[in-house]
Structures are given as C-alpha cells and as structure tokens.
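So the chains spell out like this:
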Amino acid sequence: MAALYEGYTLCGLVPSQNLSNSGLQGIEAERDDDHVIVTDLTRSVTLYKVSDQKPLGSWTVKQGQCLTCAVVYNVQTNEYVAVTDHKVIRIWKEEDVLLEKAFKATVSSDVCRVHCAAGGEPVVLFQRGAVRLLDSLLSAPQQPIEEVLAPDEAIKWSTSIVGETQHFVIFTTEQKGGHFLYLHRLSPNMLQRYRLEREEPGLPPLSFSVSYKDKHIRLLYLYPNGHVYQSVISVRGLGADEGSQSLPLPRNLLLGLSVDESPLQAASALILDEAHIAVVGVPHPSAGAGKDFLCIWNTNFQTLQAGKEMAGKIFGQLWSYSKKLFIPHGKTLSVIPYECAKSSLASALGKLKQAKTEESKAPASVASWNNILHGDKVQPSRTVETRKMRTTRKTQAATSLTFDQVLELVKTAPVEEIQKEVESLFSRSDIQDLQPSVGRLASSLVSRSLADPAFYTPSTLAQLVNTHCLCHSVCPDLLLLALEKKDYFLCQLCLQFFPDIPEAVTCACLKAFISMPDVDAEKVSLDPDSVSFMETLTSKEHVQDGLQNGFSSTSFEEDSSDIPSGGGGEGGGGGGGDAFTKTRADSQEKTSTPAEHVCPVGLHKAALLNEVLQTAYSDTFLLPHLKDLSSQHVILFLQYLQFLYLRYSQDVSHQTHGSRSPSLSQVMDWVCLLLDAHFTVLIMTPEAKGLLLNLHSFVKSQVRLFSELGKIESSLQELNKMKVKKDVGQYSIEVIELF
C-alpha cells in the first residue's frame, strides 16, 4: 500500500497576478537527499535544506536580466549551472556571493534547458533540438549549433536520464497539432524521432514522466480527458542511422481517471515506482467538485491508494526527490513525504487493511493507577472476547460518528461532547488517513476557539498534538492560541513535536515564559520528565570539582584573576595582589555555594525555557525578534543559561539525562545569540557587569578546551585508524600503545 504523510511548507510563492502560473521554473536535486534548488520565473534561485525548511543561500541576477531555465547542480564539480537571457551560461559555487563575478560564457544559439541527471554530466539542450555536453560546449562557446527541428516545431518538455552506461536526453515537441518524442543518446550519438498517437479530439498531452530499467525507457503521459498512457522504448536495438524517419510510438492505456464535464487544465502525473504514480489536479473519485487532490494510484490494479486535499489553486506542477513530493499550490510550495510499499492484490483490494491498521495504529498502553498504588496484578493483555463484549463493541461502532460528522459537531457542540466524540473517533481501529484527519480537526477547533473566546478544548488539542501528526504549517494558529489562553502544557507539547515553528513564534513563547511569575509557573501542569530533569539538576548541593568540558571552579578563579578590578595593575605594587588574595579568601568564607550555582528561576519556568532552547531556528531570522526582549528579561535568561553551563561543566551526566534536556552546545549558542542581540544594552546596564565577566570566563574555558583537544588530535586520529578487534567476551583488558 502507498501512503502520503503529513506535509510541510518549504517556502512561499509569488504567483502571477492572474494565477496562470506558480512563479516557479523548476526544482532540482542538489548535493544529497536533503537539499534542493528552487528557481523562480524571474531572477532568483534559492538553495533549501528540506528537513529544516530553511534557505541556505540565494542568488539573483541583476535588473534587466532573467533566468530562462531551471538551475541545476553539478555533483562532480560542486557547481551550479544557470542560463540567463537564453544565451549566457553562468557557473558558480555555493560560497560565491555575486553572480556577476561568476564564470559566464555566451553561446551562439538559444538554450532551452540544462539537464544534469544523477550519475551523468550536465548536458545543454538548445531550442532547435541540438544537444551538447556542457564541457565540450564551454571549450568553444561560439561553435555553430545545428538545427534539428523543423521551423514550425517547438520543444514542450524535456528531461535527461542515465541508465547503466548510457546517457539519454529525451524531449517532446509539437508541430501543426502533432506531437513527437525525440530520444537522443550520447556516446555514441544517436537521435531517434517517434510520433505519438493522436488523442481525439486533438487533445495535447498535459505532462510527461520517464523512468529507466533493464534497458527500457518507460514514458508516462496524461491527457486532459483523464487518460494516462504508457509507452515503452527498448534501447537495445537503437542504431546510429534511425533518425531520418519518425517511427510510430505504441501506447497502452494505463489509467482512465474520471474528470468533470470540462477537461483538465492544470494536472500532472509522475512515476514513483514500477507500480505507483502520483497525480495532481485530477478530481478525487469520492470527493465533491471544486476540490483539488494529490493522489497515488496503483497502476497494476488501478486502485486509488492515498489521497490528500491541497488548498489553493493547483498549477499542474509536481516534482519528486528522495521519497518526497514537491507541489506548488496557492501561495505555498509544500513538501509531502510518501511511501510506496510492494504491491500485492490483497493489499490493493484492502484485504490486509485490518492487520496493517492494528500494527501501525495500536493504542498506546496506559499505566493503571491501581497497579501503581495497590500492587494489583496485571491482567494478561490478550483476553477472550465474549458474546457480550462483541455485542457491546458492535453497538459502539454502530453509534460512533464518522469523521465528517465529528467535523460538523465541532462547529456547534459543547466542549464535553466534542471531547467525548474525538476520543471515540481516535480509539477506533478503522479510522483512515489519520494525518489529514488530525490536521483538519485541529484547524476546526482552533478556528472556533478564535471566533468564540468562551470555547476552548485544551485536552482535545493536546490529544491531537500527541498523535505526532501535526506541525505548525498545518495549523499555524494553534501555538499562538495556546499562548493566548495561557495553556503552557499545550505550548510545551507543540515545542516538543512541531519541527517547523517560525522564529517569531519561538520568541513569543520565550517572552511569555520568561515574564511569567514563578508562583504562577509552579501551578502549571507540565511534562513530568522535563520537571524531573530540573529537579535532578537543582538537587545536587555539592558539585564535582573535576574539569568537565574545559571548566572547573579552579579554572573559574584563575580566569577571574585575569580580569582587571578597580585601579589594580602592574604599577600597583604588591598591594593589588594582597587585595585580590583577601577578596578571594573573604568570598570563600562567606558561602560555599556561589550565586551562579543557584537556579535563578523556578523549576516549571526552567522546564519551559528548556523547550525553547531545543527548538530549531535560524540565526538570521531569530536575531531581530530577540531584540524585542527587555533588558531585565535578557539578564534573567542569561543568568539561567549561566546556571545550566556551570551544571553541565561540573557534571557531564546531566547532558545524558534524556532527550528533553538541552545540550551544552545549545546553551552556548543561545548565549551567543542573546549577546549579539543585546550587547550594547548589556554593556550600559550596571546589573549585567558581573554576568558579562562570568560569560567571558566561560569563553576562555571553551577556548582552553579546544586548545587541549587540538594537542591530542593526532593521537585520536591514530586510534581511529586502528582496526577494530574481535569481541573477546564481556570483560577484557587491553593496552593501547600510542607511541
């Protein structure tokens, strides 16, 4: 069976004013599975890290110029290749800032596309049908380019594939209402022209997709009447002299998709594997008119296996890289992960549905309070179902509402009834498409809560977040609503499970948490593990005095001695040294626990701040929002970060307490961010002087740590080169000689 998982937004779009196109020229894979290049229709190209949904770099041509085809990435040279104004080829690396200073070459004929298939060299396809390898073209940019196409023939679509040792460029053309396919093989060069069968009444293909396997090229194309055809071309018998005539291209009808009365205008079909295709812009068989869906069809059994409604206008564009579908719709470019399991007749017909549902959606086990408090014996998990139990179960299933009925219920019903029906809905094992259901249900609840201030369902929203099927882009108002309602437990859950929280919302959470009185924070119910971590962190009254992560109490005192105090200096004689010795002795007599070793905030507030520390962010987008914090809040937050740093440095075991505890590197990163955002204000604030001096000592400790690590780098490299010996048992002693 195939599945579409919860999607997320990669970036916003700027469609044309009449919404005729999405504003995108293309999306191409980059260095690995997690990077793509997005080229718009005008002047810009942007590199994105998909999992972080963040731009890593962007390049723009100057005013008056235009990118005329999608930018590609050459994996062999780690360079980007673009074409501006049809004839200028530009090549640059990621570290290059300005395209005007990058390499460029002007060719003698207009370029249609540059393709760079995985495992192949970049190839240039000219508008008149000629093909050149990029390296050979750049060796003589002004070389004459032959015309392959007829004067009234134009290229409509093109791609490049590498199969085994052969490299192909494939493109389709239109001439006087007829459609043709060109297959160009490189090394040795060969060109073959095929004639596509006419689709009555003269309908043009909307989209093409190709795949390669076992010396066969599979071509998939979709027509406005919903017909999806497949043509298979064998590359075994291709000769070098077959390009003089157009061969008929046999086809077979793969799918006949149902369409409305009017033909399809913007739709696309894409090959996912041997048995599955993705289709966008075609009506869902069981949905009403006016709704656009992304669907996965099994072509072997002609069954619909997954569907997802797409909000906004569909532009008929669809890309697939690394088990992710990229689809522009409305003003958004969405990324939707998918999975296509090995197809079988039983799964296609739904015979395996029950077993799969029980396996993947089994309810989580809940501990019984009777077992915990009174030591009752745990009953076996496998029970025999009696006739009465079967009757009760069937009655409950018959009276339970469907998902659409629950959605209607959310609009008017009271909180208690909604909570009951949602729990019943998610406790049933026959619920389909859990992820889109959770997103639609959460959006409905949030919309009603915003419209009606008296309505709010905290437990139901928390239950939806706990399914791990929600993200911020699916329900962007949920976290802000939780902040408005001061539902800090829901805020904590969102920070834990949402991977795409914008920096502005993260800073809003930080501001709300840091300004909350400790007395109010202690009344909030939070995740027990996060509170337990802070209890462990603050319970140790005596910390280790050993060196951890480059810091110890001794090193702190040594660093403090380097900081000038008052008028003491080299010219101060011996009095300065005596004064420092006296001050140091007095401070040790006053207290055994310095102020920086005491947590400056309550346990519950600290647990909430820890969630902010672990949230993903981009420095560029977070810094402007951090400047909105007041100086008092910044100082308090820095004091808390100082406390964490000291605890981690003196007892490294705190960093391995659990997954919901911030790491030392995250603590230091936030220290740097706060100092960057408020350095001038902190310098002018007298209360921050001692704090800044302490932070200065932390930096010196880290520098000392990395200096010591550098000294043993060669020894560590030798250890890494040593061969791993066989396991000699549960206990052994080895002597490792470094020199």
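Residues numbered from 1 in each chain as written. Predicted model: local features only at pLDDT ≥ 70, side-chain atom pairs only at ≥ 80, totals over all residues. Heavy atoms only, no water.

A few points about the environment of Lys 486
So, point 1. Looking at the secondary structure, you find Lys 486 in the loop between helix 10 (478-484) and helix 11 (488-497).
So, point 2. Along the sequence, Lys 486 and Ala 512 sit 26 residues apart, while their C-alpha atoms lie 8.8 Å from each other. (Helix = DSSP H or I, 4+ residues; strand = E, 2+ residues; numbered from the N terminus.)

Quick look at the packing of helix 17 (residues 603-613) against helix 19 (residues 631-650)
So, point 1. The interhelical angle for the contact between helix 17 and helix 19, taken along N-to-C directions, is 85°, at an axis separation of 12 Å. The pairing of helix 17 with helix 19 is recorded here as roughly perpendicular in orientation. Residues Lys 605, Ala 606, Leu 609, Asn 610 and Leu 613 of helix 17 pack against Leu 636, Phe 637, Tyr 640, Leu 641 and Leu 644 of helix 19.
So, point 2. Among the residues forming the contact of helix 17 with helix 19, the class breakdown is eight nonpolar, one polar and one charged. (Axes fitted to C-alpha atoms, helices over the stretch in contact; angles between N-to-C directions. Parallel < 35°, antiparallel > 145°, perpendicular 65-115°, else oblique. Contact = heavy atoms within 4.5 Å. Nonpolar A, V, L, I, M, F, W, Y, C, P; charged D, E, K, R; others polar.)

Side note on a nonpolar patch on the surface
So, point 1. Residues Phe 706, Leu 709, Ile 712, Leu 716, Leu 719, Met 722 and Ile 736 make up a contiguous nonpolar surface patch of roughly 630 Å² in combined accessible area.
So, point 2. Among the elements of the structure, helix 21 (689-711) and helix 22 (713-721) are those that each provide at least two residues to the nonpolar patch.
So, point 3. Since its relative accessible area comes to 40%, Ile 712 is described here as partly exposed. (Patch = residues over 30% accessible without salt bridge, like charges linked within 9 Å, V, L, I, M, F, W, Y side chains within 5 Å. Areas by Shrake-Rupley, 256 points an atom, 1.4 Å probe, with all protein chains shown as cover. Salt bridge = Lys/Arg side-chain N within 4 Å of Asp/Glu carboxyl O. Buried < 20%, exposed > 50% of the residue type's maximum accessible area, 1.4 Å probe, protein only.)

Re the confidence of the model for the protein chain
So, point 1. Summary statistics for the protein chain give a mean pLDDT of 80 and a share of 78% for residues scoring 70 or more.
So, point 2. When mean pLDDT is compared element by element in the protein chain, strand 12 (residues 123-126) scores highest at 96, while helix 3 (residues 353-360) scores lowest at 37.
So, point 3. Across residues 350-398, where pLDDT falls below 50, the model places 23 contacts with residues more than four positions away in sequence or in other chains.
So, point 4. Considering only residues more than four positions removed or in separate chains, one finds that residues 541-592, a stretch of pLDDT under 50, has 51 contacts. (pLDDT = per-residue confidence, 0-100.)

Quick word on the sheet that holds strand 13 (residues 131-133)
So, point 1. An order of 11-12-13 is seen for the three strands of this open sheet, with the pairing classed as antiparallel. One side of each edge strand has no neighbouring strand; the edge strands of this open sheet are strand 11 (111-115) and strand 13. Sheet twist, expressed as the average angle between the axes of neighbouring strands with direction ignored, equals 20°.
So, point 2. Inspection of the sheet shows strand 11 paired to strand 12 by four bridges, in the antiparallel sense. From the neighbouring strand, Val 111 faces strand 12, where its bridge partner is Phe 126. (Pairing = 2+ DSSP bridges.)

Quick notes on the sheet that holds strand 9 (residues 88-92)
So, point 1. Here we have four strands laid out as an open sheet, ordered 7-8-9-10, and antiparallel in their pairing. The two strands at the open ends of the sheet, each matched to only one other strand, are strand 7 (72-74) and strand 10 (103-106). Each strand axis lies, on average, 25° off the axis of its neighbour in the sheet, ignoring direction.
So, point 2. As paired elements, strand 8 (residues 79-84) and strand 9 share five bridges and run antiparallel to each other. Paired with Val 83 across the strands is Ile 89, a residue of strand 9.

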